[in-house]
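Structural overview for review
So the chains spell out like this:
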Amino acid sequence: MSNGAMPKPGESDRADAPRHVAIIMDGNGRWAAARGLPRAEGHRRGVDALRKVVRASHELGISYLTIFSFSSENWSRPASEIGDLFGLLRRFIRNDLATLHADGVRVRVIGERDGLESDICALLNEAEELTRNNTRLTLVVAFNYGSRQEIANAAQRLAREVAEGKRDPATITTDTLGSYLDAPDIPDPDLIIRTSGEQRLSNFLMWQAAYSELVFVPIHWPDFDKAALESAIAEYATRERRFGGLVAKTGS
């Protein structure tokens, strides 16, 4: 900040810092396999990494952090692994929610909740309700989430309004459809990071990622920490964001 004032909570003191960072947390299983450990240990260590990154996001002035915690395609994994993942979610919310709340973190959840176990839905609702008024950092948890389904759901809602005579199809614009997505009030991600060396979005925030900067890092998610996040942000800071125009735009 040019006037020397300290940044407010949730406000970066770096003009080039991204406002919204989204992360595809990939490589827990490969991290465990490389060490001769069960996949469940990789997932457990991945939760430890998440704690570090949430804390680092506080410190770096990031306003929104979105994490891809469970894809709608993950249901194809072995039942035992799904059980481990859900167990970790339960423990994370029960053990960490009070800390997140005390630190001023607001939890938002995007994705399908129909068909989830009742206690999982209750925990997700509890996390959102308890932290609803927090403003320091918004942690968006993409759980049982798939971008194609999110877009299809938005299209269905608009189609229903047209069928009921409540909307003229000519009024449907990209902004209209965007307003029917899971969290339309949250700005699109400035930076999307994927760990473990894979270079694809895997059905994550495909609508919102239209002009996001993508950074792919080779390390597996359990090894991701504040230094790795700072490195990705430094790479982001070198990019010129034109949003389809000829001149780079500043801010987000």
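In what follows, the accompanying structure is described.

Calculation rules
- Residues numbered from 1 in each chain as written.
- Predicted model: local features only at pLDDT ≥ 70, side-chain atom pairs only at ≥ 80, totals over all residues.
- Heavy atoms only, no water.
- Pairing = 2+ DSSP bridges.
- Helix = DSSP H or I, 4+ residues; strand = E, 2+ residues; numbered from the N terminus.
- Axes fitted to C-alpha atoms, helices over the stretch in contact; angles between N-to-C directions.
- Contact = heavy atoms within 4.5 Å.
- Expected span 1.5 Å × (residues − 1).
- Buried < 20%, exposed > 50% of the residue type's maximum accessible area, 1.4 Å probe, protein only.
- Arc of directions from axis to C-beta.
- 1 Å grid on protein atoms, 1.4 Å probe; cavity = no way out; pocket = protein on both sides within 12 Å on 5 of 7 lines; lining within 4 Å.
- Points joined across faces, edges and corners; volume = space filled by probe spheres on them.
- Nonpolar A, V, L, I, M, F, W, Y, C, P; charged D, E, K, R; others polar.
- Domains from an automatic or database assignment.
- Parallel < 35°, antiparallel > 145°, perpendicular 65-115°, else oblique.
- Left-handed = near helix turned anticlockwise from the far one by under 90°.

Spatially, β3-β4-β2-β1-β5-β6 is the arrangement adopted by the six strands of the open sheet, whose pairing is parallel. Strand pairing shows two members of the sheet lacking a second neighbour, β3 (105-110) and β6 (213-216), which therefore form its edges. Pairwise comparison of adjacent strand axes, ignoring direction, gives a mean angle of 20 degrees for this sheet. Bridge count between β3 and strand β4 (residues 137-145): six bridges; the pairing is parallel. Bridging across to β4, Ile-110 finds its partner in Ala-142. Sitting on the sheet, helix α4 (residues 118-130) touches β3 and β4, and the angle it makes with β3 is about 140 degrees.

Another aspect to go through is helix α5 (residues 147-163). With 17 residues, α5 should cover 24 Å at 1.5 Å per step; its first-to-last C-alpha distance of 24 Å lies within 8% of that length. Looking at α5, one finds that the buried residues are Ser-147, Glu-150, Asn-153, Ala-154, Leu-158 and Glu-161. Along the axis of α5, the buried residues cluster in a sector spanning 130 degrees; they form a single face. The exposed residues of α5 that point more than 90 degrees off its buried face are Arg-148 and Ala-163.

Using the criterion set out here, one finds one cavity of 30 Å³ or more in the structure. Within this model, the largest cavity holds a volume of roughly 30 Å³. Along its surface, the largest cavity is lined by Gly-111, Glu-112, Asn-144, Tyr-145, Gly-146, Gln-149, Glu-150, Asn-153 and Asp-182. Mapped onto the lining of the largest cavity, the elements with two or more residues apiece are β4 and α5. Considered class by class, the residues forming the lining of the largest cavity number one nonpolar, five polar and three charged. A domain split of the lining of the largest cavity shows at least three residues from each of domain 1 (18-144 + 188-236) and domain 2 (146-180).

Turning our eyes to something else, we now look at the packing of helix α3 (residues 79-102) against α4. Packing of α3 against α4 leaves a shortest axis separation of 11 Å and a crossing angle of 20 degrees. Looking at the two axes, α3 sits roughly parallel to α4. Crossing hand, α3 versus α4: left-handed. In this structure, α3 uses Phe-86, Leu-89, Arg-90, Ile-93, Arg-94, Leu-97 and His-101 to contact α4, whose residues at the interface are Asp-119, Ile-120, Leu-123, Leu-124, Glu-126, Ala-127 and Leu-130.

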